Amino acid sequence: MAALELDEAALIPRLRAGDPGAWSELLQALGPALLGYATRMLGDRGQAEEVVQGALVAAWGAIDSHDGRSTLRPWLFRIVHNRAIDALRRRRRYVDLGDEEPEAAYFRDDGRWAEGCPQPGWSDRAEEQLDARRMLERVRRELDGLPHAYRELLLMKEIYGM
């Protein structure tokens, strides 16, 4: 069931009644997006899973206080967001780049191509692949350096279309 197909008018009373099937529908519809959002905010999939699980438990306990001013989607995203911010406050944010250069994964010690590494052809040269990888690393590093409010706004707009 896609998030757009979520019939909240019928789902909210079932959620309030504690219907496990309703919670399963909600998790199936919104779970992947919530996890993706938390993962991008935290930079750690394991911690994001814990944050989303805690947020869903909090939503279960607070479903009676959902007053209908917003749909379930932004309400749940806000709960996940608040929990992710709390997790970020509890730890220092850093990116461990390690000692290894990005190119090191492409070559074995004897200088030959590493196994599983795509061999460059005429259209996808190794330099282009390395440039793309470096650009992705830079974008991630710049995103990580944004203040949380700006990062949240960018993720909500560009990734989740909200």
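Residues numbered from 1 in each chain as written. Predicted model: local features only at pLDDT ≥ 70, side-chain atom pairs only at ≥ 80, totals over all residues. Heavy atoms only, no water.

A. Examining the pattern of salt bridges more closely. Counted under the stated rule, the structure contains seven salt bridges. Residues glutamate 49 and arginine 45 are paired through a salt bridge, measuring 3.1 Å at the closest nitrogen-oxygen approach. Of this pair, glutamate 49 and arginine 45 are both found in helix 3 (residues 45-62), four residues apart, which corresponds to roughly one turn of the helix. In this structure glutamate 49 comes out as partly exposed when scored by relative accessible area, which is 39%. (Salt bridge = Lys/Arg side-chain N within 4 Å of Asp/Glu carboxyl O. Helix = DSSP H or I, 4+ residues; strand = E, 2+ residues; numbered from the N terminus. Buried < 20%, exposed > 50% of the residue type's maximum accessible area, 1.4 Å probe, protein only.)

B. Seen up close, the environment of arginine 78. You can see arginine 78 is positioned in helix 4 (residues 72-90). Sequence separation of arginine 78 and leucine 34 is 44 residues, and the distance between their C-alpha atoms is 9.9 Å.

C. View of the side chain of histidine 81. Among the structural elements, histidine 81 can be located in helix 4. Overall, the relative accessible area of 6% leaves histidine 81 in the buried class. With residues near it in sequence (within four places) discarded, histidine 81 still touches Tyr37, Met41 and Glu152. (Contact = heavy atoms within 4.5 Å.)

D. Geometry of helix 4. The terminal C-alpha atoms of helix 4, which comprises 19 residues, lie 27 Å apart, in line with the 27 Å expected from a rise of 1.5 Å per residue. Leu72, Trp75, Leu76, Phe77, Ile79, Val80, His81, Ala84, Ile85, Ala87 and Leu88 are the residues of helix 4 that are buried. (Expected span 1.5 Å × (residues − 1).)

E. Examining the packing of helix 2 (residues 20-42) against helix 3 more closely. Relative to each other, helix 2 and helix 3 sit at 135°, their axes nearing to 9 Å. Relative to helix 3, the element helix 2 is oriented oblique. Where helix 2 crosses over helix 3, the handedness of that crossing is right-handed. Contact residues: Trp23, Leu27, Leu34, Leu35, Ala38, Thr39 and Leu42 in helix 2; Arg45, Gln47, Ala48, Glu49, Val51, Val52, Leu56, Ala59 and Trp60 in helix 3. Looking at the contact of helix 2 with helix 3 residue by residue, the classes come out as 12 nonpolar, two polar and two charged. (Axes fitted to C-alpha atoms, helices over the stretch in contact; angles between N-to-C directions. Parallel < 35°, antiparallel > 145°, perpendicular 65-115°, else oblique. Left-handed = near helix turned anticlockwise from the far one by under 90°. Nonpolar A, V, L, I, M, F, W, Y, C, P; charged D, E, K, R; others polar.)

F. Quick look at the nonpolar core. Ranked by internal contacts, the top residues of the largest apolar core, which has 35 residues, are Leu15, Leu26, Leu34, Leu72, Leu76 and Val80. For this core, the secondary structure elements donating two or more residues are helix 1 (8-16), helix 2, helix 3, helix 4 and helix 6 (148-159). Per element, the largest residue contribution to this core is 12 residues, and it comes from helix 2. Apart from residues no more than four positions distant in its own chain, leucine 26 is found in contact with Leu6, Leu11, Leu15, Gly31, Leu72 and Leu76. (Core = buried A, V, L, I, M, F, W, Y, C linked by side-chain atoms within 4.5 Å.)

G. View of the confidence of the model for the protein. For the protein, per-residue confidence averages 79 on the pLDDT scale, and residues scoring 70 or more make up 76% of the total. Here helix 6 stands out as the element of the protein with the lowest mean pLDDT, 78, in contrast to helix 3, whose mean of 92 is the highest. (pLDDT = per-residue confidence, 0-100.)

H. Representation of helix 5 (residues 126-145) in the model. Compared with an ideal rise of 1.5 Å per residue, which puts 20 residues at 28 Å, helix 5 spans 28 Å between its outermost C-alpha atoms and is within 8% of the ideal. Buried residues of helix 5: Ala126, Gln129 and Leu130, and no others. The buried residues of helix 5 occupy an angular sector of 100° when projected down its axis, which confines them to one face. More than 90 degrees from the buried face of helix 5, the exposed residues found are Met135 and Gly145. (Arc of directions from axis to C-beta.)

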